[in-house]
Amino acid sequence: MTRRQVWTALRRGASRRCPHCGKGAIFAGWAHHLERCSVCGLVYERNPGDTWAFTIVGDRIPIAAIVALIYLAIEFRW
């Protein structure tokens, strides 16, 4: 890919449009992502399980730990 193609894809993605054709939507509604572009058929995620694993490990577990620490009123002493 050339630098121009990368910037075009990033600009289209930032505008919530298909990075390949620029016409199809990426999301349906506020936060529900689509599997593929309705115009050109580009598959957005080949394996959607990878995204869920990243979300759980990178987001849910640390938030649960912080909530537990606040709820149990544990103080850290440095």
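None of these values were measured; they are calculated from a predicted model.

(A) Up close: the overall build of the protein. The helix and strand inventory of the protein stands at 2 helices and 2 strands. Order of helices (α) and strands (β) in the protein, N terminus to C terminus: α-β-β-α. Computed over the C-alpha atoms, the radius of gyration of the protein is 19 Å, more than 25% above the 12 Å expected from 2.2 N^0.38 for a compact globule of 78 residues. C-alpha atoms of the protein, sized along the principal axes, occupy 55 × 25 × 20 Å. Counting across all 78 residues of the protein, residues that qualify as buried make up 6%. In the protein, once contacts between residues fewer than 6 apart in sequence are set aside, the share between residues at least 24 apart is 5%. Surface summary for the protein: the accessible area is close to 7000 Å², and the carbon and sulfur share equals 63%.

(B) Representation of unusual backbone geometry. Although it is not a glycine, Arg16 sits at a positive phi angle of roughly 65°. On the secondary structure map, Arg16 appears in the loop between helix H1 (3–14) and strand E1 (27–28).

(C) Quick look at the environment of Glu45. Looking at where Glu45 falls in the secondary structure, it is placed in the loop between strand E2 (32–33) and helix H2 (49–72). For the pair formed by Glu45 and Gly13, sequence separation is 32 residues and the distance between their alpha carbons is 14 Å. Ignoring anything within four residues of it in the chain, the contact list for Glu45 reads His33, Glu35 and Thr51. Here His33 takes part through its side chain, which lies 2.7 Å from a polar atom of the side chain of Glu45.

Cut-off values and rules
Residues numbered from 1 in each chain as written. Predicted model: local features only at pLDDT ≥ 70, side-chain atom pairs only at ≥ 80, totals over all residues. Heavy atoms only, no water. Helix = DSSP H or I, 4+ residues; strand = E, 2+ residues; numbered from the N terminus. Rg over C-alpha atoms; globule rule 2.2 N^0.38 Å. Buried < 20%, exposed > 50% of the residue type's maximum accessible area, 1.4 Å probe, protein only. Contact = heavy atoms within 4.5 Å. Areas by Shrake-Rupley, 256 points an atom, 1.4 Å probe, with all protein chains shown as cover. Polar contact = N/O pair within 3.5 Å; in protein donor to acceptor, adjacent residues only side chain to side chain.

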